[in-house]
Protein chains: 4
Amino acid sequence: MSSSFGTLFQVSTFGESHGVGVGAVVDGCPAGLQLCEADIQTQLDRRRPGQSDLTTPRQEADRVEILSGVENGLTLGTPIGLLVRNKDQRPGDYGEMSRVPRPSHADYTYQMKYGIRAASGGGRSSARETIGRVAAGAIAEKILREKWGVEIVSWVSAIGDIEAPEVDPLEISRPQVDATLTRCPAPEAARRMEERVLEVKEAQDSIGGVVTCVCRNVPTGWGEPVFDKLEAKLAQAMLSLPATKGFEIGSGFAGTRMLGSQHNDLFVRKGTRLGTVSNHSGGVLGGISNGEPVIFRVAFKPVATIGKTQKSADFEGQEVELAAKGRHDPCVVPRAVPIVETAAALVLIDLALRQQARG
Amino acid sequence: MSSSFGTLFQVSTFGESHGVGVGAVVDGCPAGLQLCEADIQTQLDRRRPGQSDLTTPRQEADRVEILSGVENGLTLGTPIGLLVRNKDQRPGDYGEMSRVPRPSHADYTYQMKYGIRAASGGGRSSARETIGRVAAGAIAEKILREKWGVEIVSWVSAIGDIEAPEVDPLEISRPQVDATLTRCPAPEAARRMEERVLEVKEAQDSIGGVVTCVCRNVPTGWGEPVFDKLEAKLAQAMLSLPATKGFEIGSGFAGTRMLGSQHNDLFVRKGTRLGTVSNHSGGVLGGISNGEPVIFRVAFKPVATIGKTQKSADFEGQEVELAAKGRHDPCVVPRAVPIVETAAALVLIDLALRQQARG
Amino acid sequence: MSSSFGTLFQVSTFGESHGVGVGAVVDGCPAGLQLCEADIQTQLDRRRPGQSDLTTPRQEADRVEILSGVENGLTLGTPIGLLVRNKDQRPGDYGEMSRVPRPSHADYTYQMKYGIRAASGGGRSSARETIGRVAAGAIAEKILREKWGVEIVSWVSAIGDIEAPEVDPLEISRPQVDATLTRCPAPEAARRMEERVLEVKEAQDSIGGVVTCVCRNVPTGWGEPVFDKLEAKLAQAMLSLPATKGFEIGSGFAGTRMLGSQHNDLFVRKGTRLGTVSNHSGGVLGGISNGEPVIFRVAFKPVATIGKTQKSADFEGQEVELAAKGRHDPCVVPRAVPIVETAAALVLIDLALRQQARG
Amino acid sequence: MSSSFGTLFQVSTFGESHGVGVGAVVDGCPAGLQLCEADIQTQLDRRRPGQSDLTTPRQEADRVEILSGVENGLTLGTPIGLLVRNKDQRPGDYGEMSRVPRPSHADYTYQMKYGIRAASGGGRSSARETIGRVAAGAIAEKILREKWGVEIVSWVSAIGDIEAPEVDPLEISRPQVDATLTRCPAPEAARRMEERVLEVKEAQDSIGGVVTCVCRNVPTGWGEPVFDKLEAKLAQAMLSLPATKGFEIGSGFAGTRMLGSQHNDLFVRKGTRLGTVSNHSGGVLGGISNGEPVIFRVAFKPVATIGKTQKSADFEGQEVELAAKGRHDPCVVPRAVPIVETAAALVLIDLALRQQARG
């Protein structure tokens, strides 16, 4: 169903901004894995708003509680219930918004689709929805790391038109990424990004960017042709995140401008396995991992809710002027880093188990 | 499962290049629809290789046979079996390839994943695999058109670095697209693309490109948050096609360089419904169609099999020189046009039925 | 996945006896439905142990909390999270059982399958697991009742060899069922059943029985051939309940002893619709509801955990004598009544929505 | 979807009696398995009508053709397309039936559900629909046998009120079953069953019966709590077969009359593993196989189509007299034997692969 993802490692998420809480049920987690709340909390903390001046000042504690599936610190192989309680559970203080759909926001489509919508607007289109996925993905990351040595690292490679210089995907680490507020590991670009975000914030506007992600040590053989190819599931996972507008793997759109003789990744012996000289393929061939790093990029548009006044229409089609009250997040791209990582982990763990089913 | 797609309109495809045939089972097609082979054949013919000098000279008839689910020209509501027989069913004449994995081809990963592979190489990674999807998607298109008036049109917007000028997504039609061999509706760009493909063919090389697709008259409300958002399923469907490396919806990667105040699509009354002034969103808000045209772009890399000599390694890691024999398709992008259209139709019909389930 | 059920109304359950709690996520509940905790609590209360001398004296409050998907008393169309906290969250006091698998209990198979098991034994095979289903099914019942007038009533038709006389499936109501402690609506049989259960309890033994269920006002057309036929999904739902060993619809096993000319349900006009004179079919033809009451029976074995001493073997194969400590439930059949009803509701609502998807 | 079954070994069936053919796509078959048409044909031949005087005289060749997924006699790990062409592809000679729904047949419900139905009546409710499942299940049986030594044997344990004496489930073999026309391995009972069927045939009537099935050498650990318990999936698979009305595992309904102290299967060392003294559980504990033989029984009602005159109503509710023309199958129970076996194999293989996914 639409709030579930995965075949053998299945996540079902739930929750709106103003209900009791948000969370997930993870079905298919292997038994006997050491797991506690702290394993999950790290990525939730990286996802949390209010970490710096660059983001929304709302302070959300976002403490995860494991409801089931773990006993004495070990997973039982049964579904793991995860719950993060909302601090602010009072719906109803979004006033004007009940009459006026925010431009480029899901207020309008939720109302049209369901005939009702949460007081906070688009309910499940809220950024808070990702909490369940991040929590579930943090568990996936742990298994991938412990069982296969898989390392997943994302970083901000662009904010607006400021692009980070090339980063070595074999070397980049999460501490390097977290060293700057913008999560861009190139210090000079990071500094310029930070300035830009502050400008945009000052102007009560918002700005988008690009997150790049590398998954290292993915074994050869993950991915299920034809509809569940590795890149197809990554694309689904990424485009299901709020505010995403694009996905590229390997050479991406730039690869369309190359000749086959340039683009082909020639094989070469790498230790005991066959590797490739270049990696335009981004670690996949025919939808299956080939042993090279899986590399992809995700486009995030500027968030829709801005303080700047906009001329739009209310649900009746009457012209209105709209300006969001309160402080809004001028740039979600740095916070998207752990979201992209955990979303990738959910894809990989499921394909890993499906390949493992081959015995 | 990995060869099935869809929840209520489910397609299960089968077939390799050198078996008896390729095809699909469509489960969930509404009953009482007029349907015959000719309805399906049109898109299969557009997909077929050998339509012009620009593509591979192999002549494949690719006649579809309806095996079940239709009686007296009407669908029964039961599964529709579809079969296209292969002309060349002799495996075994790919000689050298059994020892040498083609660079950037699925030979290697299929062998590693399954411990065996079809004589033709990557079996299901072959372009022939798309026949089942195109046939199923042609049925989906018919329902979408007849029941909701949905029009899906794709065209080639770039080959290599030759980009077509902007095309009006509200006006473009399939006859306009098919007017040129490259399926680029801008004649001057089409001419240059054609020249480029012939050059590349002469050089025994290959070249990639971009297909743009518009879906018009999609009603508001299609798309199932959170994992089956409209753009998420489109991204999965497109990235599951052979040779694709990227997907963008609406503003895509370019949108990351915009401010929220520029990117937001302001609402305005359009007849009896609420529309938007711009369409950076590409017809979706929060994963749900908003009544504006759904517009997306798909990146196709240059195909891997080329006649030019390449230095690569065999399965043992020994250096080899490899040059594919016979004639190969220098550019699959024009043929990808009906493939993208029908893949989009499979996404839309499923989400349409899921919305219809709400009563 | 294995803890999820349904295609369009999907329930995902979680929870063991000794974790934080048990519950479910319901994905696909229609929007705009009035819903509050009290709507769900009624069936949870009927399911609860400790309602009478006939059952286990453990007092479990089992209060449900709605975590999401409902705002201002109305469903949002988004996933509904449901949580029932466990009172006793301390694992580890099952002592001997860690060494000795209880006969006919899931201790053994959980240990073998997962390499670990919950302290309480078979974890998810516990009767507490059904709480999530009952809560979700209570929501399903409400929709079925309000939208289609569907009435689902179960009762105890046998305990041990004491069988209730025939009950009129068109008239039987829940208050009639709940009028006796054994939930058998025939007072004389109920009295004898009660005596039998008390005898069995006194002997520290357990006893099984049969629950019969009728679903009235099911419209013609529900059921999805061929694998999701109405009776097939009912059978799966019932055999997935703890302690069940059999399922019959309509004439069931007795029908195998009839001739076709006796068994066939002849058609006859019933008001504006076509009905049948008899109902050996149990309300289904070819897997699809035919407008007659859906009637089925479920066999419950005597529960495995008994106080009586049993000669068995420990995990090492050493002979042991085993007698469960504390008080145990001598007969779960009366408590199974709401469990069967809500399990049936989960089947019906999903098939209803799937039929509704046909528009 | 409703014509698909299985999570990792997924079968999608298609076909009506009067279309081009019936068949299936098997997705998830392991690679490298030796497979040819003959492996599948054996069970199709056992299922085929016209094998003796006891069944319908229609001669159906039912030759299977493998369309894909196999090359040089080995499976590729890709979907296996299977097709059995119909001999009689002319719809339209069912005359009267277009106006009169056959009692206890799916004519009525198909018409009501889909607004149309196949000329042959209930289309997918036809016995021919099982061909696809039997073909797919024959592949499953082969894998189960070769990889785990699983042996699945079914037999007719009752026809009408003639019950076969107890059969040793550890010893019974298919040759023993096939030694009599009624597929009852007890010769005296078989003789009486044969007589009864001929009487019923003479009377242009039909009769039901019971098929018992044993699955030997099923390893401990197959079955996925809670909704995909082994017995739950078996129940679904069996109740999705045409003409089935009941399912029992182990002690079944008889078990409801036992005390826990009688019913509990005490553990005992069996070689290196833990076994049980009795097998009232039927080889499952908590939904997971426990290493003992899996034993279950399936109730088949008398088939609906009979030559005897019946008083019924047409679609308009007008009284009519109806007598099916031509010869009809008086008893499908013997032919159900391979159908039950292969249906069980589809359940087991899927749960086997899901357990194997645990690594």
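Cut-offs and rules
- Residues numbered from 1 in each chain as written.
- Chains lettered and ligands numbered in written order.
- Predicted model: local features only at pLDDT ≥ 70, side-chain atom pairs only at ≥ 80, totals over all residues.
- Heavy atoms only, no water.
- UniProt positions renumbered as here; feature names shortened; annotations may be inferred.
- Helix = DSSP H or I, 4+ residues; strand = E, 2+ residues; numbered from the N terminus.
- Contact = heavy atoms within 4.5 Å.
- Areas by Shrake-Rupley, 256 points an atom, 1.4 Å probe, with all protein chains shown as cover.
- 1 Å grid on protein atoms, 1.4 Å probe; cavity = no way out; pocket = protein on both sides within 12 Å on 5 of 7 lines; lining within 4 Å.
- Points joined across faces, edges and corners; volume = space filled by probe spheres on them.
- Nonpolar A, V, L, I, M, F, W, Y, C, P; charged D, E, K, R; others polar.
- Least-squares fit on C-alpha atoms with pLDDT ≥ 70 in both.
- Polar contact = N/O pair within 3.5 Å; in protein donor to acceptor, adjacent residues only side chain to side chain.
- Buried area = accessible area lost by both parts, 1.4 Å probe.
- Salt bridge = Lys/Arg side-chain N within 4 Å of Asp/Glu carboxyl O.
- Axes fitted to C-alpha atoms, helices over the stretch in contact; angles between N-to-C directions.
- Parallel < 35°, antiparallel > 145°, perpendicular 65-115°, else oblique.
- Left-handed = near helix turned anticlockwise from the far one by under 90°.
- Pairing = 2+ DSSP bridges.

Going by an unreviewed UniProt entry, chain A carries the name Chorismate synthase and comes from Geoalkalibacter subterraneus. Here chain A is described in UniProt, under the heading Catalytic activity (unreviewed entry), as follows: "5-O-(1-carboxyvinyl)-3-phosphoshikimate = chorismate + phosphate".

*Asks:* Hey, could you run me through the overall build of chain A in this one?
*Replies:* Within chain A, the secondary structure is distributed over eight helices and 18 strands. Expressed along its principal axes, the backbone C-alpha trace of chain A runs to roughly 65 × 50 × 35 Å. Contacts spanning at least 24 positions in sequence make up 69% of the contacts within chain A whose residues lie at least 6 apart. When the accessible surface of chain A is summed, it comes to about 11200 Å², and 49% of that surface belongs to carbon and sulfur atoms.

*Asks:* Can you walk me through empty space enclosed by the protein in this structure?
*Replies:* One way to see where empty space is left: roll a probe the size of a water molecule over the atoms. This structure, assessed with the given rule, holds eight cavities of 30 Å³ or more. Here the largest cavity defines a volume of roughly 1200 Å³. Along the walls of the largest cavity sit 45 residues, with Met1 of chain A, Met1 and Gln10 of chain B together with Met1 and Gln10 of chain D positioned nearest its centre. In terms of residue class, the lining of the largest cavity is built from nine nonpolar, 21 polar and 15 charged. Roughly 250 Å³ of internal volume is contained in the second largest cavity. Lining the second largest cavity are 22 residues; nearest its centre among them are Met1 of chain A, Glu224 and Arg358 of chain B together with Leu8 and Gly28 of chain C. Contributing elements (two or more residues each) for the lining of the second largest cavity: α2 (107–114) of chain A together with α8 (333–356) of chain C. Residues that form the lining of the second largest cavity fall into these classes: eleven nonpolar, six polar and five charged.

*Asks:* Sorry, what's going on with the relation of the copies chain A and chain D here?
*Replies:* Two copies of one chain are present, and they are related through a rotation about an axis combined with an axial shift. Superposition record for chain A on chain D: RMSD 0.0 Å, screw rotation 180 degrees, translation along axis 0.0 Å. What the superposition gives is, in effect, a two-fold axis relating one chain to the other. Considering only C-alpha atoms, the part of chain A nearest the rotation axis is Ala357 of chain A, at 1.7 Å. When the interface residues of chain A are mapped onto chain D, 100% of them again lie at the interface, so the same face is used by both copies.

*Asks:* Which parts of the structure should I look at to understand the UniProt feature "binding site: FMN" (unreviewed entry) in chain A?
*Replies:* As annotated by UniProt and renumbered to match this structure, "binding site: FMN" (unreviewed entry) occupies Arg124, Ser125, Ser126, Gly286, Lys301, Pro302, Val303, Ala304, Thr305 and Arg327 of chain A. Taking the farthest pair of C-alpha atoms as the criterion, the annotated set spanning 204 residues is dispersed, since that pair is 45.7 Å apart. Lining the second largest cavity, from the set of annotated residues above, are Arg124 of chain A. With respect to the element layout, Ala304 of chain A can be found in the loop between β16 (294–300) and β17 (310–313). Leave out the neighbours within four places in its chain, and Ala304 of chain A touches Pro103, Ser104, His105 and Gln310 of chain A together with Asn264 of chain B. Within the local environment of Thr305 of chain A, its side chain forms a polar contact with the side chain of Arg102 of chain A, the two groups lying 3.5 Å apart.

*Asks:* What's the story with the interface of chain A and chain D in this structure? I'm lost.
*Replies:* Facing the seven residues of chain A at the interface are seven residues of chain D. Overall, the association of chain A and chain D removes approximately 580 Å² of surface from exposure, summing both partners, and the carbon and sulfur fraction of that is 57%. Interface area lost by chain A to chain D is led by Leu8, Gln356 and Ala357 of chain A, which between them contribute 60%. Across the chain A-chain D interface, the total number found is zero salt bridges. In the side of chain A that touches chain D, the residues fall into three nonpolar, three polar and one charged.

*Asks:* What is the right way to look at the relation of the copies chain D and chain C in this model?
*Replies:* Once chain D has been moved 0.0 Å along the axis and rotated by 180 degrees, it coincides with chain C to within an RMSD of 0.0 Å. Comparing interface residues between copies, 100% of those in chain D also lie at the interface in chain C; the contact surface is shared.

*Asks:* Which parts of the structure should I look at to understand the packing of helix α3 (residues 130–148) of chain A against helix α8 (residues 333–356) of chain A?
*Replies:* Helix packing geometry: the angle between the two helix axes and the distance between the axes. All names here are of chain A. Contact geometry of α3 with α8 gives a least axis separation of 7 Å together with a crossing angle of 55 degrees. Between α3 and α8, the crossing angle belongs to the class labelled oblique. Crossing angle aside, the handedness with which α3 passes α8 is left-handed. The residues of α8 that touch α3, namely those facing Thr130, Arg133, Val134, Ala136, Gly137, Ala138, Ala140, Glu141, Ile143, Leu144, Lys147 and Trp148, are Ile339, Glu341, Thr342, Ala345, Leu346, Leu348, Ile349, Ala352 and Gln356. Split into classes, the residues belonging to the contact of α3 with α8 amount to 13 nonpolar, four polar and four charged.

*Asks:* I keep staring at the sheet that holds strand β7 (residues 80–85) of chain B and nothing clicks. Help me out?
*Replies:* Strand-to-strand pairing in sheets goes through backbone hydrogen bonds, with the strands running parallel or antiparallel. All names here are of chain B. In space, the five strands of this open sheet follow the order β1-β2-β3-β7-β4, with antiparallel pairing throughout. Each edge of the open sheet is held by one strand with a lone partner, namely β1 (4–5) and β4 (64–66). Inspection of the sheet shows strand β3 (residues 21–27) paired to β7 by six bridges, in the antiparallel sense. The residue of β7 that forms the bridge with Gly21 is Arg85. Along the sheet, helix α1 (residues 37–47) makes contact with β4 and β7, crossing β4 at roughly 150 degrees.

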